[in-house]
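# Analysis of the macromolecular model
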Amino acid sequence: MIDYRALLALHLIAVPLFVSGVLVTALILPSLAAGEETPRRQAERHRVRRWNLILTTPAMLVVWVVGLTLAAEGGWFAAGWLHAKIALVVLLTGLHGMQSGRLRRLDRVGGVTRAPVWPVPAILLLAVAIVALAIIKP
Ligand code: HEM
């Protein structure tokens, strides 16, 4: 059986990789989506999409799988804070899914898909609330 602290360390390595990936993509997406299509923008879009595929998405999967394993190992499934946390993580995961869809569409059709800026504060608020719930465990 894997040591609980080793799992927690893995969870806490994957969390900032996931959150920073979603946040940086949310910041960059509006400028990738608007304006003239140029080879440079195309290359930038490719880079952001590759980052999403090789780092942000795998980090998100690790956060989920290891988080659920920690919950099972630690007997946390009865705790209210964990239910609230999982609900907020579902929202964060949904925002990441939206981003991935936008990046895919942008890669297919070029810079014609508009991207909103509201995901930036939404991601920040969700991340702060999730970390606070995990640490304070109200
Ligand atoms: C559905 C996915 C997730 C599940 C099931 C989950 C579950 C857990 C569990 C059971 C713990 C161990 C609590 C302990 O032993 O003290 C933990 C720790 C932690 N999680 Fe998650 N987690 C998930 C996603 C996330 C996300 C997305 C973040 C951040 C945005 C996050 C941040 C943290 C932090 C900061 C801790 C350390 C708490 C401490 O050691 O006091 N988790 N998580």
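This one's a predicted model, so the numbers in the text were calculated from it and none came from an experiment.

Thresholds, definitions, all that
Residues numbered from 1 in each chain as written. Predicted model: local features only at pLDDT ≥ 70, side-chain atom pairs only at ≥ 80, totals over all residues. Helix = DSSP H or I, 4+ residues; strand = E, 2+ residues; numbered from the N terminus. Buried ≥ 20, exposed ≤ 12 C-beta atoms within 10 Å, placed from the backbone. Contact = placed C-beta atoms within 7 Å. Core = buried A, V, L, I, M, F, W, Y, C linked by C-beta atoms within 7 Å. Near = placed C-beta within 6 Å. Axes fitted to C-alpha atoms, helices over the stretch in contact; angles between N-to-C directions. Left-handed = near helix turned anticlockwise from the far one by under 90°. pLDDT = per-residue confidence, 0-100. Expected span 1.5 Å × (residues − 1). Arc of directions from axis to C-beta. Parallel < 35°, antiparallel > 145°, perpendicular 65-115°, else oblique. Nonpolar A, V, L, I, M, F, W, Y, C, P; charged D, E, K, R; others polar.

## A look at the overall build of the protein chain
The helix and strand tally for the protein chain stands at 4 helices and 0 strands. Overall, the protein chain shows an N-to-C arrangement of helices and strands of α-α-α-α. Taken over the C-alpha atoms alone, the protein chain extends approximately 55 × 30 × 15 Å along its principal axes. Out of the 138 residues belonging to the protein chain, those deemed buried represent 25%. In the protein chain, 87% of the contacts between residues at least 6 apart in sequence involve partners at least 24 apart.

## Digging into the nonpolar core
A14, F18, V22 and V63 are the most contacted members of the largest nonpolar core, which has 23 residues in total. Those elements giving two or more residues to this core turn out to be α1 (4-33), α2 (39-74), α3 (80-109) and α4 (119-136). Here this core gets 9 residues from one element, more than from any other, and that element is α1.

## A look at the site of the ligand
In the vicinity of the ligand, 21 residues are found, and the nearest of them are G67, L70, A71, V89 and A134. Put simply, the parts of the chain that give the shell around the ligand at least two residues each are α1, α2, α3 and α4. At 7 residues, α2 tops the list of elements feeding residues into the shell around the ligand.

## Let's talk about the packing of α1 against α3
Direction vectors running N to C along α1 and α3 enclose 35°, while the axes themselves pass 11 Å from each other. α1 and α3 meet at a crossing whose hand is left-handed. Contacts between α1 and α3 pair V22, T25, A26, L29, L32 and A33 from the former with L92, L95, H96, Q99, R102 and L106 from the latter.

## Let's talk about the confidence of the model for the protein chain
Close reading of the predicted structure is inappropriate where its pLDDT is low. Chain-level statistics for the protein chain give a pLDDT mean of 93 and a share of 97% at 70 or above. Of all helices and strands in the protein chain, the one with the weakest mean pLDDT is α3 (94), whereas α4 scores best (98).

## Some points on α4
For α4, spanning 18 residues, the distance from its first C-alpha to its last is 25 Å, which sits close to the expected 26 Å at 1.5 Å a residue. For α4, the full list of buried residues reads P119, I123, A127, I130 and L133. Seen from one end, α4 has its buried residues packed into an arc of 135°, which puts them on one side. In α4, the exposed residues that point more than 90 degrees away from the buried face are P121, L125, V128, I135 and I136. Where the residues of α4 are buried, they touch α1 and α3. Just downstream of α4 lies K137, where phi reads positive at about 50°.

## Focus: the environment of A26
Residue position: A26 is located in helix α1. Classification of A26 by C-beta neighbours within 10 Å gives buried; the count is 23. Separated by 13 residues in the primary sequence, A26 and I13 have C-alpha atoms spaced 21 Å apart. Sequence-distant contacts of A26, defined by excluding residues within four places in its chain, comprise Q99, P119, V120 and I123.

## Digging into the packing of α3 against α4
Packing of α3 against α4 leaves a shortest axis separation of 9 Å and a crossing angle of 155°. Judged on the interaxial angle alone, α4 and α3 are roughly antiparallel. Once α3 is placed against α4, the crossing between them reads as left-handed. Where α3 approaches α4, its residues W81, A84, K85, L88, V89, L91, L92 and L95 are matched on the opposing element by P119, A122, I123, L126, A129, I130, L133 and A134. Tallied by class, residues from the contact of α3 with α4 come to 15 nonpolar, no polar and 1 charged.

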